[in-house]
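Structural characterization, general
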Amino acid sequence: MVFRRFMLRKGVALLLALIFVVSTVGLYIAFVNVTTDVPITDRQPAEQASKSNSPSDLPSTAPTHPQTREKPRASTFQTRQPASPAHGALANSTADECVFTSTQPKSSADIEMTKLFDTLPFDNPDGGVWKQGYDITYKMTSFDEHPLEVFIVPHSHNDPGWLKTFEDYYASQTRSILTLITDALAANSKRRFIWAEISYLDLWWQEQSSSRREQFRRLVENGQMEIVTGGWVMTDEANSYYYAMIDQLIEGHSWIKQNLPGVIPRAGWSIDPFGYNPTLAYLLGETGMNNMVIQRVHYAIKKHLSINKALEFGWRQLWDHSKTTDIFCHLMPFYSYDIPHTCGPDPKICCQFDFKRIEGNPDCPWGIRPEAITDGNVAHRAEMLADQYRKKAQLFRTNVLLVPLGDDFRYDGQREVQDQYTNYERLIGYVNSHPEMKMKVQFGTLTEFFTALRKHTGATEHQIPAGFPTFTGDFFTYCDREADYWSGYYTSRPFHKRMDRVLETNLRVAEVLYSVAVAKKVPVDPNTPVPVDQGQEEPGLVPAP
């Protein structure tokens, strides 16, 4: 009995000691985060808010900008005033390294979102076929010197949990998507595809044979399949803490390094977060990426940037006075990333080139279904599509055009894969064989698109092309139509958000403790015997003297 009480007291003491160590390390990390002014965002939600599937060409009113809307912050960092002469001297001594801590940030960018919000009317006049925009015209002579170069980029956005669970989505759709696309690309070397969510790719990979894995590796190596962003998920940018954003990137990139040796993601693809934070743009740049694509931005901002041909820009951090954080960003101009809103300004026309809808499942909301491309209709259909491409090109500064071809969980059936690729191949063949159309069309990846754009402008891989604007700020709050502001998920599901943040904290503490433990040891010859009392925990490591 005495022995049991002794062991109980010893166990309690050990538990209290462990809690003290973990708490101390946690407080230290929090102190470091605060005193170093690390930029943060709020939290990662447990689930996405419901996506809006309503078409943008429905009749709309002209709402005014809500007065209750939170004004965007002027800077990620808050200006700090010296508390004493000694503090001021210290701030001045480190001005070269931390100028944003001692002076009010002054943006060197061409477009400052903090100022743009104060000047935009946020009205919503009827723009015609592009309801949230305006009528677009063009002259064929604008393509005389440089024919329009179009990159059609097939993709499938796979949410790791939305209307179904992560596992249910994989079993019912994602498994088929990856298998069918791998076969389709292997059958034709001119076909392309991009993939973003490594969490799903990992599940699929575990089920594949060594020959199937090697087939996928070859498709990635020869440029037919591009891994974009390479994160475990397509991270939220409104609520997520920066540590979670980094951690999911590390998880995804580590998987790529282990299973696809030599492959490094070169372009970011962030089409479904409900607004955008410059933090992720900065993190992508720090991983070595030079380019990124975004979509969900307030329609009034899209219209303003379209008018000024500023949908492609160098995204710069507000605190960056040395102009070293720029990453080249392409913002999709229209309502959504689905096919009806990516070929051009008229969704009624673009929907007719979403060949999954041939059988009416799903149907086109505008009442006109696609037609299979034949020798009898290819000339007329190709000109319809080319007209949309030319109009979309008027919103950009070069004749190099990005046209995404996909939607949520697309390419999950053999018929859709076959219909999309074969019908577009007939259209591409016709356009490219008729030079009078002044257009070259091909399937492409993001890297192929950005490479062509830089070649067109004479920029190198790491340069922001000359003549393009620079931009500072964020893209919150997102509004897709009328006065539908997507802000409820900022505060919804507080229990899940709190639980997630606590788990992140514990994970970070564990990583710090593990790193300290490893740092206290040195590698030795694995054949060297290690005395038991040294408490070796890992082969080949012994405590440092």
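Quick summary incoming for the structure in this document. (Residues numbered from 1 in each chain as written. Predicted model: local features only at pLDDT ≥ 70, side-chain atom pairs only at ≥ 80, totals over all residues. Heavy atoms only, no water.)

By size, the foremost hydrophobic cluster in this structure holds 95 residues, and its most contacted members are Trp315, Tyr389, Tyr424 and Phe475. At eight residues, the largest contribution of residues to this core is made by helix H4 (residues 166–187). Apart from the residues lying within four places of it in its own chain, the contact partners of Phe475 are Met113, Gly275, Tyr276, Ile294, Val297, Ile301, Phe313 and Trp315. Counting residues in hydrophobic clusters, the runner-up holds 21 residues, among them Ala267, Val293, Met332 and Ala452. (Core = buried A, V, L, I, M, F, W, Y, C linked by side-chain atoms within 4.5 Å. Buried < 20%, exposed > 50% of the residue type's maximum accessible area, 1.4 Å probe, protein only. Helix = DSSP H or I, 4+ residues; strand = E, 2+ residues; numbered from the N terminus. Contact = heavy atoms within 4.5 Å.)

Quick look at empty space enclosed by the protein now. Applying the stated criterion across every chain, the model contains seven cavities of 30 Å³ or more. Each pocket or cavity is described by its volume, and for the second largest cavity that value is around 80 Å³. As for the second largest cavity, its lining consists of 15 residues, of which Thr229, Val233, Met234, Thr235 and Trp269 are closest to the centre. Those elements giving two or more residues to the lining of the second largest cavity turn out to be helix H7 (242–259), strand S5 (267–270) and helix H8 (278–286). Of the residues contributing to the lining of the second largest cavity, the split by class is eight nonpolar, six polar and one charged. (1 Å grid on protein atoms, 1.4 Å probe; cavity = no way out; pocket = protein on both sides within 12 Å on 5 of 7 lines; lining within 4 Å. Points joined across faces, edges and corners; volume = space filled by probe spheres on them. Nonpolar A, V, L, I, M, F, W, Y, C, P; charged D, E, K, R; others polar.)

Before going further, it helps to spend a moment on the state of the cysteines. Taken as a whole and judged by the stated rule, the model has two disulfides. Disulfide pairing places Cys343 opposite Cys350 at an S-S distance of 2.0 Å. Residues Cys343 and Cys350 are joined by a disulfide whose S-S torsion is about -85 degrees; by sign, that bridge is left-handed. In this pair, the class of Cys343 matches that of Cys350, namely buried. Sequence-ordered numbering of the bonded cysteines in the protein yields a pairing of 1-2, 3-4. (Disulfide = S-S within 2.5 Å.)

Now for H4. With 22 residues, H4 ought to run about 32 Å at 1.5 Å a step, and its terminal C-alpha atoms sit 29 Å apart, in line with that. Taken together, the buried positions of H4 are occupied by Tyr169, Tyr170, Gln173, Thr174, Ile177, Leu178, Leu180, Ile181, Thr182, Ala184 and Leu185. On its buried face, H4 is in contact with strand S2 (148–157), strand S3 (193–195), helix H5 (198–207), helix H6 (210–221), strand S4 (225–227) and helix H12 (414–432). (Expected span 1.5 Å × (residues − 1).)

Function-wise, these values are silent; they only describe arrangement.
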